[in-house]
Amino acid sequence: MQHHESEKGREGEHNMNSSSPVSGSNPDRTLKRIVLFIAILAGFLTPFDGSAVNIALPTIGAEFSMDAISLSWIATAYLLASALFLVPFGRLADIYGRKKIFESGIAIFAISSLCMTLVPTTESFILIRVIQGLGAAMIYGTGMAIVTGVFPPGERGRAIGVYISFVYFGLSVGPFLGGILTAYLGWRSIFLVNVPIGLLAVLLIRLKLKGEWAESKGERFDFIGSVIYSLSLVAVMYGFSTLPHEGAITLIAAGLIFVAVFAWYESRITFPVLNVRLFSGNKVFLFSNIAALINYSATFAVTFLLSLDLQYTKGFSPEHAGLILIAQPVMMALVSTLSGRLSDQVEPGKVASVGMAITTLGLFLLVFLTDATPIWYIVISLLVLGTGFGFFTSPNTNAIMSSVQKHDYGVASGTTSTMRLLGQMLSMGFATMLFAIYIGPVQITPEYYPAFISCLQAGFAIFTILCGAGIFFSLIRGHMRGND
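Throughout this document, residue positions are counted from 1 along each chain, in the order its sequence is written. The predicted nature of this model means local features are confined to residues of pLDDT at least 70 and side-chain atom pairs, given and counted, to a pLDDT of 80 or more, with totals for whole chains, interfaces and linings taken over all residues. Heavy atoms from the whole structure form the basis of all side-chain values; hydrogens and water molecules are not counted.

**Student:** It is not clear to me how the overall build of the protein should be interpreted in this structure. Could you clarify?
**Tutor:** Broken down by element type, the protein carries 17 helices and zero strands. Only protein chains enter the accessibility calculation, which uses a 1.4 Å probe; a residue whose area is less than 20% of its type maximum is buried, one above 50% is exposed, and one in between is partly exposed. When each of the 484 residues of the protein is scored for burial, the buried share is 62%. Note on contacts: a residue pair is in contact if any heavy atoms of the two residues lie within 4.5 Å. For the protein, restricting intrachain contacts to residue pairs at least 6 apart in sequence, the fraction spanning at least 24 positions comes to 85%. Shrake-Rupley sampling with a 1.4 Å probe provides the accessible areas, and residues are treated as covered by the protein chains on show and by no other component. In the structure as shown, the protein presents an accessible area of about 17,900 Å², 68% of it carried by carbon and sulfur atoms. Only runs of H or I of at least four residues qualify as helices and only runs of E of at least two qualify as strands under DSSP, and these elements are numbered from the N terminus.

Written as structure tokens, this is what we have:
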């Protein structure tokens, strides 16, 4: 379906029904402000945690004697759990209420963050990260859907831009604040920051949002499809992360078979967990999601790799490394609001394609990284990368969410977030695979620094090629606005 086909049915979608989750003299304006504020609190929470933890990885690895591959699983376990539950919870939110799932996700994330301060072993650390990922999936699968449902098409790009700006603000302060917290209060303090923010968000939801969003109320939940979906992701992602070891290809092949079975099954049932017809009948939705998958696959591991490089081979402290890494997300935050507004006036696909091209340039600059690369060069590369990412994400998200009808917002939000998480997992999978090839299951010590640099260069070369291919998919998505 094209954007203009469903425009008429969504002219007044920001006027909620009788179960509108807010009351007051001006419910329309009040609803927008309250929902956006709560959404940006949650939007800040999860990226802050991820980026702050990345900067603390060398400290965590030293305490638990983790090798490079185990360190990568701190991020991978969280991402895998988030990806597994995202689409199912997006569908459950459409059926039983987005506010209910959103609130529960924030609570689970806050409680598991508190539990992270008590972990005694590597195994328990990764287990709690999985629970954190579950809570994050409930947030990811509903937050964007709620914002999209409240703001009409003419205001949606700006609202999404504001929301994404706070996501990037979380990414921005994560490395810097995470570095300071790690240096002076220990890495456990990073997780404690999540607790009061999560409690504030839950309190605001309880006090200010009284109704519920549930456009698919009464429909059945597709449990079988959810299981097939989860199995396919586990097989593909775990297989990919274990490359080049024996059995990895078998796991990936099995996962791809499950993906085919999942698509076949979902196309034949009345109430699928994921409406695959959105992909087959909607060119904008299909190629915008592919572009998002490629973009995140090419960019997510950059912070992870540079964090290790700055602290291992360059010898920086956690807080100094965090200060350097802040360049990319700060630029993202500055640019994403502008690009979001721009996508309300200019074809979003064109803006996003420019962003993808700039991102490719930023990655290309990092291919030439060595142990003697000056810090100013790294900062410039990060600024270029952040500019490209900021110009890509808000317009691309606007294109995705505006290309579906109202009752598909939850699934579209979940799908969009799934593309992000799958891309992040693929990115970490590349990093883990390169660690296995170049370094092996050992701690990163000075004797392995040359191999580590080679690993970085190979990774950034792969990411540059991947992102360059993403420009093609971004350009062929077609136009949302028809002849506008």
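Moving on from the coordinates now.
**Student:** Got a minute to help me understand helix α6 (residues 188–208) in this structure?
**Tutor:** Owing to its 3.6 residues per turn, the α-helix brings residues three or four apart onto one side. In a helix, the anticipated span is given by 1.5 Å times the number of residues less one. Between its first and last C-alpha atoms α6 spans 32 Å; for 21 residues at 1.5 Å apiece the expected length is 30 Å, and the two agree. Taken residue by residue, α6 has Ser 189, Ile 190, Phe 191, Asn 194, Val 195, Ile 197, Gly 198, Ala 201, Val 202, Leu 204 and Ile 205 as its buried positions.

**Student:** Just to check I follow, could you spell out the nonpolar core for this structure?
**Tutor:** Within soluble globular proteins, side chains that are nonpolar generally end up buried alongside one another. We define the nonpolar core as a collection of buried residues of types Ala, Val, Leu, Ile, Met, Phe, Trp, Tyr and Cys that are connected through side-chain atoms lying within 4.5 Å of one another. If you look at the biggest cluster of nonpolar residues, it comprises 135 residues, and the most contacted ones within it are Phe 125, Leu 305, Leu 306, Phe 435 and Phe 460. The dominant element in this core, judged by the number of residues it contributes, is helix α1 (residues 27–64), at 19 residues. For Leu 306, the contacting residues outside a window of four places in its chain are Leu 325, Leu 366, Leu 369, Ile 378, Leu 382 and Phe 460.

**Student:** Is there a simple way to think about the pattern of salt bridges in this case?
**Tutor:** Any Lys or Arg side-chain nitrogen found within 4 Å of a carboxyl oxygen on Asp or Glu counts as a salt bridge. In the structure shown here, the tally under the stated rule is five salt bridges. Put simply, Lys 314 and Asp 309 hold a salt bridge, and the shortest N to O gap is 3.0 Å. Per residue, the accessibility class of Lys 314 equals that of Asp 309, and both read buried.

**Student:** Sorry, what's going on with unusual backbone geometry here?
**Tutor:** One non-glycine residue, Ser 65, lies in the positive phi region at around 55°. Secondary-structure assignment places Ser 65 in the loop between α1 and α2 (68–96). The exposure class of Ser 65 is exposed, given its relative accessible area of 54%.

**Student:** Is there a simple way to think about the packing of helix α14 (residues 348–366) against helix α17 (residues 449–475) in this case?
**Tutor:** The relative placement of two packed helices is expressed as an angle between their axes plus a distance between the axes. Axis lines are fitted to C-alpha atoms, over the contacting stretch for helices. Their N-to-C directions set the angle, which ranges from 0 to 180 degrees. Axis separation between α14 and α17 bottoms out at 8 Å; the angle between their running directions is 165°. Relative to α17, the element α14 is oriented roughly antiparallel. Where α14 crosses over α17, the handedness of that crossing is left-handed. Side by side, α14 and α17 meet where Gly 349, Ala 352, Ser 353, Met 356, Ala 357, Thr 359, Thr 360, Leu 363, Phe 364 and Leu 366 of the first sit next to Phe 460, Phe 463, Thr 464, Cys 467, Gly 468, Gly 470, Ile 471, Ser 474 and Leu 475 of the second. Oblique is the label for every angle not falling under 35 degrees (roughly parallel), over 145 degrees (roughly antiparallel), or within 65 to 115 degrees (roughly perpendicular). By the definition used in this description, the sense in which the near helix is turned from the far one sets the handedness, with an anticlockwise turn below a right angle giving left-handed and a clockwise turn giving right-handed.

**Student:** For this particular structure, what's the right way to read the packing of helix α13 (residues 327–342) against helix α15 (residues 375–402)?
**Tutor:** One way to put it is that α13 packs onto α15 with a least axis distance of 7 Å and a crossing angle of 30°. Put simply, α13 runs roughly parallel to α15. As α13 runs across α15, the sense of the crossing is right-handed. Residue-level contacts link Ala 327, Gln 328, Met 331, Met 332, Val 335, Ser 336, Leu 338, Ser 339 and Gly 340 of α13 to Val 379, Leu 382, Leu 383, Leu 385, Gly 386, Thr 387, Phe 389, Gly 390, Phe 391, Ser 394 and Pro 395 of α15. We call Asp, Glu, Lys and Arg charged. Ala, Val, Leu, Ile, Met, Phe, Trp, Tyr, Cys and Pro are nonpolar, and the rest, Gly among them, are polar. A class-by-class count of the residues in the contact of α13 with α15 yields 12 nonpolar, eight polar and no charged.

**Student:** Could you clarify how one ought to interpret the side chain of Ser 381 in this entry?
**Tutor:** For Ser 381, the position within the fold is in helix α15. Judged by its relative accessible area of 0%, Ser 381 falls in the buried class. Residues contacting Ser 381, with those up to four places away along its chain left out, are Gly 362, Leu 365 and Leu 366.

**Student:** Help me out: how do you make sense of the confidence of the model for the protein in this one?
**Tutor:** When pLDDT drops low, the exact placement of atoms in the prediction is not to be read closely. A residue's pLDDT is the confidence the predictor assigns to it, expressed on a 0 to 100 scale. Of the residues in the protein, 90% have a pLDDT of 70 or more, and the chain-wide mean is 82. Here residues 1–19 is a poorly scored stretch, pLDDT under 50, and it has 46 contacts once near neighbours within four places are set aside; other chains count. Contacts from residues 22–27, a stretch scored under 50 in pLDDT, to residues over four places away or in other chains number six contacts.

**Student:** Quick question: what am I supposed to make of the side chain of Ser 394 here?
**Tutor:** Structurally, Ser 394 can be placed in helix α15. For Ser 394, a relative accessible area of 1% corresponds to the buried category. Ignoring anything within four residues of it in the chain, the contact list for Ser 394 reads Ile 160, Gly 161, Ile 164, Ser 336, Ser 339 and Gly 340.

**Student:** Help me out: how do you make sense of the packing of aromatic side chains in this one?
**Tutor:** Note on aromatic contacts: the rings of Phe and Tyr and the six-membered ring of Trp form a pair at centre separations within 6.5 Å, being stacked when their planes are under 30 degrees apart, edge-to-face when over 60 apart, and tilted otherwise. Tallied over the full model, the rule gives 17 aromatic pairs. Both rings, one in Phe 125 and one in Phe 191, keep their centres 6.4 Å apart while their planes meet at 80°; by these two values the pair is edge-to-face. One end of the pair, Phe 125, is in helix α4 (residues 122–150); the other, Phe 191, is in helix α6, with 66 residues separating them in the sequence. On the accessibility criterion, Phe 125 (0% relative accessible area) is buried. With a relative accessible area of 1%, Phe 191 lands in the buried category. Their ring planes at 85° and their centres at 5.2 Å tell us that Tyr 296 and Phe 389 sit as a pair that is edge-to-face. One end of the pair, Tyr 296, is in helix α10 (residues 283–299); the other, Phe 389, is in helix α15, with 93 residues separating them in the sequence. Of the two residues examined, Tyr 296 and Phe 389, each falls in the buried class. Clustering of aromatic rings is evident, with ring pairs tying together Phe 64, Phe 125, Trp 187 and Phe 191. In this arrangement the basic side chain of Arg 129 is found over the ring face of Tyr 78, its NZ or CZ atom lying 4.6 Å from the centre. We call a charge positioned over a ring when the NZ of a Lys or the CZ of an Arg lies within 6 Å of the ring centre and within 35 degrees of the ring normal.

**Student:** Help me out: how do you make sense of a nonpolar patch on the surface in this one?
**Tutor:** A cluster of nonpolar side chains, contributed by Phe 223, Ile 224, Val 227, Leu 231 and Phe 258, occupies part of the molecular surface with about 460 Å² of accessible area. If you tally residues by element for the nonpolar patch, the top one is helix α7 (residues 223–241), at four residues. Assignment of secondary structure puts Phe 258 in helix α8 (residues 248–266). Patch rule: a residue counts if its relative accessible area is over 30% and it has no salt bridge; like charges are joined within 9 Å, and nonpolar side chains (Val, Leu, Ile, Met, Phe, Trp, Tyr) within 5 Å.

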